[in-house]
Each structure stands twice: as C-alpha cells, then as structure tokens.
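Spelled out from the first residue to the last, the chains are:
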Amino acid sequence: MTTSAHPATATDADLHTEVEHYYARQMQLLDRRSCDEWAATFAPDGVFDANGLPAPAKGRAAIAAAAKAAGDRLAAEGLVHRHWLGMLTVTAQPDGSVSARSYALVIQTQLGGASVLHRSTVCEDRLVRGEDGSLLVLDRKVTRDDIA
Amino acid sequence: MTTSAHPATATDADLHTEVEHYYARQMQLLDRRSCDEWAATFAPDGVFDANGLPAPAKGRAAIAAAAKAAGDRLAAEGLVHRHWLGMLTVTAQPDGSVSARSYALVIQTQLGGASVLHRSTVCEDRLVRGEDGSLLVLDRKVTRDDIA
Amino acid sequence: MTTSAHPATATDADLHTEVEHYYARQMQLLDRRSCDEWAATFAPDGVFDANGLPAPAKGRAAIAAAAKAAGDRLAAEGLVHRHWLGMLTVTAQPDGSVSARSYALVIQTQLGGASVLHRSTVCEDRLVRGEDGSLLVLDRKVTRDDIA
C-alpha cells in the first residue's frame, strides 16, 4: 500500500468528463423534445436498440421519429420525462471509438401530480467522432432492469 | 465520420468538473442545514427563484432564512432531504460568467420509514466568481416539473 | 465580485473525476455480483461499515462474502439493485489519502415489476492508493437516512 501520486492521466479524466457532458446535452435535448437535435447526436447510421422496443431504430430519421412519437404520447397524457445517466465508465478503444456503460433512470412527473421512478436501465454505447471531432453514438443498447 | 483526437480542451473539462464539485458542496451544505454556509455560496446580491415559491429570495440573509425555515419544518416532521443535481451542462459566457443547466431531484426520507422521490426540477444558474475566484450563484431559477 | 479565471487546478479536477470513475466501476462490479472484483476495490485490510449492519465487514474476504450473501438473497427474490453515487466531494489529505463524501441511492427493480427507490444513504470513504497507484477504500461508513 502506498500513497503515491495518482496515475490517472489528464487525458483519461478529460475523456470521462467529455462523455458525461455530452450525455447531459443529449438527455436535455431528448427531454425538451428537440427530436432532430437529439437524433443529430447519433452517427448518421447510428442504431438505438432497447429490450423494451419491438425493433431497433436505425439512422437519424428513424431515431428522431421514435423520439417524436414518444414525446407526443407523453405530452398528450400531461407527463414529463427526465432521463438521468450515471455511474458512467468509459474505455477508449484502439480504433479510436469509445465504449461507455452507464445506468439510466427515467423520472416521470404528472403535471399537477407526483414524480415517480419510471424505469431503471443500463445503457451501453459505442461512441465515435464526427468530422468536427464531436462525439456521436454509433450503437446504443438500453436494457431495462425489469425485463430478464 | 472520423475517429480523430477529441476536441474538448482540458479547460472545458476542468470547468465542468469544477461546477459539479461546487454543486456537490453546495447541496451537502443545504442538506446538513448549514444555512449560512449555504447562503455564502450565493453572491451577496444573489437571487434564488423557483416556480414553487411565492416570491424570490434576494440576498444572502433572505436565502439563509428561507433555508432555515424549510429545514426547521422538515426536522419537526422527522424528514430528511437530499438534493441531487445531475445532467449538468455548462457554458462559459464572454463576460466571464458561467451558465449552468441541470436537473435536480429532492429525495425525501421519513425517519423510521421510506425514501421517496419528492420533486423533479430543472435548475438554471448564472454563476460568477468571488474575489478569491470561487464560484457563486448570481441568479438561480428552479422549475418544478409538476407545475406547467 | 470579479469574473477572473477560475482557480481550480487541473489536478483538483482530475482527482474528482478519477474518484467518480472509480466509484462507477466499483458500483457496476457490485451490481453485477462480481463479488471478488468488488472486494478487490477495497484495501486488503479495508473496512465496510454501515448503520444498517449488525457489524462491520473487515478485510476483502469478509467484504466479498457479505456482497455474495446479499446478492444471493436478491437473486432468489427476483430483485435487481443499482447503486448510484452522487453529489461527491473529495479532499486530498496531507498523508496522501483522499477523503470522499457522497450520497448513495439504491434503486430496486422487481423482475416483471416496478422500480422503486429502496434506500437513501450518505457514504463517507477514506481512499488510499495500491502499489499500482489505483484507488482503494481503506474505510467506508454508510449511513442510512431512515435511521436517526
């Protein structure tokens, strides 16, 4: 046991923080129902899959349409969703992509009513960089804890 | 699509982490009922506003008094509150201030009883720096999700 | 009031992010029931104490055994736990150790059923470095909010 200087490089820390900030922006876009901007945080050929969905959404148009349909249903019912990601681990891959695993909660509030914990899930992403260097989801898999 | 080096500067990442750490200290002070220290994390002329309050609290004395009144009510009822901030986005402004937007939850626990999700809110802050360089809230607006 | 350059050093920010990433890995190991790997994130003579436990677990073997027993009980009941840490403050100590205080939630999901907020707690750690420089818990104290 020693108490030597810590080994995490600034690069490690910066990448973790960059992914965290990227996810915060992404979830705020989704919850604001900025569906096209939300879809633009995925790669053009990005895939969103979840064990609670009948089929994956492939490509930005499909991802935007799925978000819009879900947002319209919530609005019609007077519900507000907030997506929280946390307990994030990131691993830079040799090919330049980034593997990220996190927990994700959906907090649901009824207008004029109560807030409840709607879903507990695990989110596994492969992230790549767009031409301007910004992060994009190439592949997302969301696994609900209530589905075995 | 490329996998080039990521564009986030260390400065970007450091500011995000600094704000996150500042919020963690601030929420711990509030939940410990260290009301004067909580108020000192606001600018002397700082404003705390919320759509669930009858009027904004302006200045440190008013902010401390509001926290004390709320804390006293909770203690009398045997309730513990924990404020969680997350999904934080920060933007450095040209004038040196920082805009921060985050989600905030209030977790409420009854002594000898259950923990529940009490509130889901959005917190929008303008942060400035005190003379020693530390962050201070100049203006906070908290919006409860259950109030349209 | 000034808006001068922020005073947080890269080292401060990097340590905060390093501890956050370490906790994310640690909680993912616990929730995956990787009990030996979970125990290896503690110092060989590490202590896990909680006001909800009859006695502290001392040393990696005891810490792994306690996690396995808890995980087996959950699996038998069809329950999934996710441990979320947040509102983390870290303080580097003169002796090279790190004091960390955070909030911790346990989110519990019934397979085929609902997700609920199971516990709200405060987690206080003393962290040290192993021979390879990685962080290890020397001493952890978890305090449930529902126990006075």
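Residues numbered from 1 in each chain as written. Chains lettered and ligands numbered in written order. Predicted model: local features only at pLDDT ≥ 70, side-chain atom pairs only at ≥ 80, totals over all residues. Heavy atoms only, no water.

(A) Inspection of the relation of the copies chain C and chain B at higher detail. Least-squares fitting of chain C to chain B yields an RMSD of 0.0 Å, with the transformation described by 0.0 Å of translation along the axis and a rotation of 120°. On the angle and the small slide along the axis, the relation comes out as a three-fold axis. Of the interface residues in chain C, just 18% have counterparts in chain B that sit at the interface too, so the contact is made through distinct surfaces. (Least-squares fit on C-alpha atoms with pLDDT ≥ 70 in both. Contact = heavy atoms within 4.5 Å.)

(B) Main features of the relation of the copies chain B and chain A. Take chain B, turn it by 120°, move it 0.0 Å along the axis, and it overlays chain A with an RMSD of 0.0 Å. When the interface residues of chain B are mapped onto chain A, a mere 18% of them again lie at the interface, so each copy presents a different face.

(C) Structural context of the interface of chain B and chain A. Listed per partner, the contact involves 34 residues of chain B and 39 residues of chain A. Where chain B abuts chain A, roughly 2,800 Å² becomes buried across the two surfaces, and 60% of that area is made up of carbon and sulfur atoms. Between chain B and chain A we count one salt bridge in total. Note that Asp145(B) is salt-bridged to Arg82(A), the shortest N-O span being 2.8 Å. One can count nine residue pairs in polar contact (both at pLDDT 80 or more) joining chain B with chain A. When contributions to the side of chain B that touches chain A are tallied by element, the ones reaching two or more residues are α1 (10-31), β3 (79-92), β4 (98-110) and β5 (115-129) of chain B. (Buried area = accessible area lost by both parts, 1.4 Å probe. Salt bridge = Lys/Arg side-chain N within 4 Å of Asp/Glu carboxyl O. Polar contact = N/O pair within 3.5 Å; in protein donor to acceptor, adjacent residues only side chain to side chain. Helix = DSSP H or I, 4+ residues; strand = E, 2+ residues; numbered from the N terminus.)

(D) Representation of helix α3 (residues 60-77) of chain C in the model. All names here are of chain C. With 18 residues, α3 should reach 26 Å at 1.5 Å per residue; the first-to-last C-alpha distance of 26 Å fits that figure. Looking at α3, one finds that the buried residues are Ile 63, Ala 64, Ala 67, Gly 71 and Leu 74. All buried residues of α3 project into a common sector of 95° when viewed along the axis, lining one side. Exposed positions of α3 whose direction lies more than 90 degrees from the buried face are Ala 61, Arg 73 and Ala 76. Backbone geometry just downstream of α3 places Gly 78 in the positive-phi region, at approximately 70°. (Expected span 1.5 Å × (residues − 1). Buried < 20%, exposed > 50% of the residue type's maximum accessible area, 1.4 Å probe, protein only. Arc of directions from axis to C-beta.)

Any functional reading would require information that these geometric values do not contain.
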